[in-house]
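The primary structure of each chain is shown beneath.
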Amino acid sequence: MPITPTKYVWMDGQLVEWEKATIHVLTHTLHYGSGVFEGIRAYETKRGPAVFRLTDHIQRLKRSSKIYMIDVPFGVEQLVEATKETVRANEMKSCYIRPIVYHGYGEMGLNPLICPVNVAIITWTWGAYLGDDSFTKGVRTMVSSWRRYDHNTIPPAAKATGQYLNSGLAKVEAVKSGYDEAIMLNAEGYIADATGENVFVVRDGVLLTPPLSAGPLGGITRDSIMTIARDMGISVQETNLVRTDLYTADEAFMTGTAAELVPIRSVDERDLGEPGAVTKKIQETFFACLRGEVEKYSDWNEYVA
Ligand code: PY5
């Protein structure tokens, strides 16, 4: 989906016109993937635009920075406010929000810490990441031949730009093979996550998802879904899953900020059928929650005005 420009990009404390939001070709992060970032969404609600779990996302950005020893020159509250300011300045009712911390133009060695640290926040309109009908029809997936990185290679606890080379290999393999998305196994063969989503399986009414030790990103949507499901009285277990758990699942779905909540229609040509009752029930509450319609989770809606 091509990006439609908005008016401003927030760069290092200032709103810069979209066309002027450029960086030097020797930006360290361009060469070595040394940045950390977030993917956030703001939704239209009755009370105006609300950013979903904004503070939690900015806190994860700070944790990613800590892992890579990046000294971010802005605090959590400043970045929360800067994000709201950018949404307001661009007059967005709903949007995707991409804060990125990157090492700029400085030296070209492999120690990123000697380069300046820059921060940008970009907003744009981004529709359904896996397609408009992904929510109702579900998507076709394959288990990737590419393995996920692990805690002692590229730590999945951080959301760093460079680690998406791994997701990109799997995504391209899936798309070229005629699938919508790829599911990735870790080095031990347990399911980690999809290229940009967490994975859930429903079996005998129980909701199962890989533990963080298996190497998925600790998704904020994943956390929201586990909370919603538990509050509905559904038992939720974080447990290691193998590819055949997907083949034989009663239901399965993926979650993420970009993709939101998308049922899995098939895995490696094993059909899982129409989106199931548990998936639909959780999806309905989650979507209402994003629109600020569920009182119980109103803390998750961070209004920009
Ligand atoms: N796993 C991976 C590898 C991810 O990249 C993401 C988010 C998730 C899980 C879900 O995390 P969360 O629920 O916190 O979003 N991916 C980004 C997103 O904005 C980039 C996708 C293109 O959804």
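Reading the values: rules and limits
- Residues numbered from 1 in each chain as written.
- Predicted model: local features only at pLDDT ≥ 70, side-chain atom pairs only at ≥ 80, totals over all residues.
- Heavy atoms only, no water.
- Axes fitted to C-alpha atoms, helices over the stretch in contact; angles between N-to-C directions.
- Helix = DSSP H or I, 4+ residues; strand = E, 2+ residues; numbered from the N terminus.
- Parallel < 35°, antiparallel > 145°, perpendicular 65-115°, else oblique.
- Left-handed = near helix turned anticlockwise from the far one by under 90°.
- Contact = heavy atoms within 4.5 Å.
- Near = heavy atom within 4 Å.
- Polar contact = N/O pair within 3.5 Å; in protein donor to acceptor, adjacent residues only side chain to side chain.
- Areas by Shrake-Rupley, 256 points an atom, 1.4 Å probe, with all protein chains shown as cover.
- Nonpolar A, V, L, I, M, F, W, Y, C, P; charged D, E, K, R; others polar.
- Pairing = 2+ DSSP bridges.
- Expected span 1.5 Å × (residues − 1).
- Buried < 20%, exposed > 50% of the residue type's maximum accessible area, 1.4 Å probe, protein only.
- Arc of directions from axis to C-beta.

Q: What am I meant to see in the packing of helix 6 (residues 220–231) against helix 8 (residues 277–290) here?
A: Two numbers describe a pair of packed helices, the interaxial angle and the distance between the axes. For the pair helix 6 and helix 8, the least separation of the axes is 10 Å and the interaxial angle reads 115 degrees. Classified by the angle between their axes, helix 6 and helix 8 sit roughly perpendicular to one another. The handedness of the crossing between helix 6 and helix 8 is right-handed. The segment helix 6 lies against helix 8, with Thr221, Ser224, Ile225, Ile228 and Ala229 engaging Ile282, Thr285 and Phe286.

Q: In this structure, what is going on with the site of the ligand? I would like to understand it.
A: Taken together, 21 residues form the shell around the ligand, and within it Tyr96, Tyr164, Ile220, Thr221 and Thr257 come nearest. In this structure, Tyr164 approaches the ligand through a side-chain N or O atom, which is 2.4 Å from an oxygen atom. Asp193 places a side-chain nitrogen or oxygen 2.9 Å from a nitrogen atom of the ligand. Surface burial for the ligand is 95%, taken as the share of its 530 Å² of free accessible area covered by protein chains. Elements with a contribution of two residues or more to the shell around the ligand: strand 10 (191–194), helix 6 and strand 14 (251–256). Tallied by class, the residues present in the shell around the ligand amount to seven nonpolar, nine polar and five charged.

Q: Can you walk me through the pairing of strand 8 (residues 139–147) in this structure?
A: For a regular strand, side-chain orientation follows a simple rule: the groups alternate between the two sheet faces. Bridge analysis of strand 8 against strand 15 (residues 260–267) gives three bridges, and the strand direction is parallel. Residue Thr141 lies in a different strand from strand 15, and its bridge partner there is Val267. Alignment of strand 8 against strand 9 (residues 181–185), held across four bridges, turns out to be parallel. Following the sheet pairing, Met142 is matched in strand 9 by Ala182.

Q: Which parts of the structure should I look at to understand helix 2 (residues 54–67)?
A: Every α-helix carries 3.6 residues per turn, so stepping three or four residues along brings you back to the same face. For helix 2, which comprises 14 residues, the first-to-last C-alpha distance of 20 Å matches the rise-based estimate of 20 Å (1.5 Å per residue) to within 8%. Within helix 2, the full set of buried residues consists of Leu54, His57, Ile58, Arg60, Leu61, Ser64 and Ser65. Mapping the buried residues of helix 2 onto a view down its axis gives an arc of 155 degrees, with all of them on the same face. Set apart from the buried face of helix 2 by more than 90 degrees, the exposed residues are Arg63 and Lys66. Remark: Met69 follows helix 2 within two positions and exhibits a positive phi of approximately 60 degrees.

Q: Whenever I open this one, the side chain of Asn118 confuses me. Can you help?
A: Topologically, Asn118 is positioned in strand 7 (residues 117–124). Relative accessible area serves as the criterion here: at 17%, Asn118 is assigned to the buried category. Sequence-distant contacts of Asn118, that is, excluding residues within four places in its chain, are made with Asp12, Ile100, Val101, Tyr102 and Gly104.

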